[in-house]
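Structure at a glance
Each chain, written out:
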Amino acid sequence: LPAAQSEVEQLRREAAQVRSEIDLARRSLSEVRRGAESAGEQLEATQARLQATQSELADGVAQLAAAREEAAAATRAAEGARRRADEYGRQARERRRELEALRRDVKEADALRAAREGDA
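Residues numbered from 1 in each chain as written. Predicted model: local features only at pLDDT ≥ 70, side-chain atom pairs only at ≥ 80, totals over all residues. Heavy atoms only, no water.

Moving on, we come to the overall build of the protein. A count of helical and extended segments in the protein gives one helix and zero strands. Relative to a compact globule of 120 residues, whose C-alpha radius of gyration would be 14 Å, the protein shows 51 Å and is clearly more extended. Taken along the three principal axes of its C-alpha coordinates, the protein extends 175 × 15 × 10 Å. For the protein, with 120 residues in total, the buried portion stands at 1%. By element, 55% of the accessible surface of the protein is carried by carbon and sulfur atoms, the whole surface being about 10,700 Å². (Helix = DSSP H or I, 4+ residues; strand = E, 2+ residues; numbered from the N terminus. Rg over C-alpha atoms; globule rule 2.2 N^0.38 Å. Buried < 20%, exposed > 50% of the residue type's maximum accessible area, 1.4 Å probe, protein only. Areas by Shrake-Rupley, 256 points an atom, 1.4 Å probe, with all protein chains shown as cover.)

In structure tokens form, the structure reads like this:
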């Protein structure tokens with residue numbers, strides 16, 4: 001009988017130890033679940049930020065492409081304006097030469113008229 005009681009006590013201690021280990025395992029499992037949920041939430045938040053960043057990046061790329069096109073159009077317009085300015089300058093020089101020729105003609109005509117009037 002004492003041996004049986006001793007064995008019962010031993011089994012009770014072992015049962016208490018097993019219960020304690022089961023409780024610890026349950027708590028650990030609960031913590032693992034909470035940790036997994038937290039990690040999942042963090043992953044979702046990170047994915048959302050990544051998608052927002054990708055969207056912002058795509059917007060930035062589109063804006064850059066639009067700015068490049070605007071710059072190219074402005075460059076073409078500036079080149080056209082420069083060509084027109086060159087042409088206007090050429091025309092102005094040509095008109096100046098024509099004006100100088102007309103002035104010479106007027107001086108010659110005035111000199112001829114003065115000479116005729118002097119002969120008369």
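Back to the text.
A few words on the pattern of salt bridges. Under the defined criterion, the tally for this structure stands at nine salt bridges. Residues D86 and R82 are paired through a salt bridge, measuring 3.3 Å at the closest nitrogen-oxygen approach. Here D86 and its partner R82 are both found in helix α1 (residues 2–119), four residues apart, which amounts to about one turn of the helix. Residue D86 is classed as partly exposed on the basis of its relative accessible area, which comes to 45%. (Salt bridge = Lys/Arg side-chain N within 4 Å of Asp/Glu carboxyl O.)

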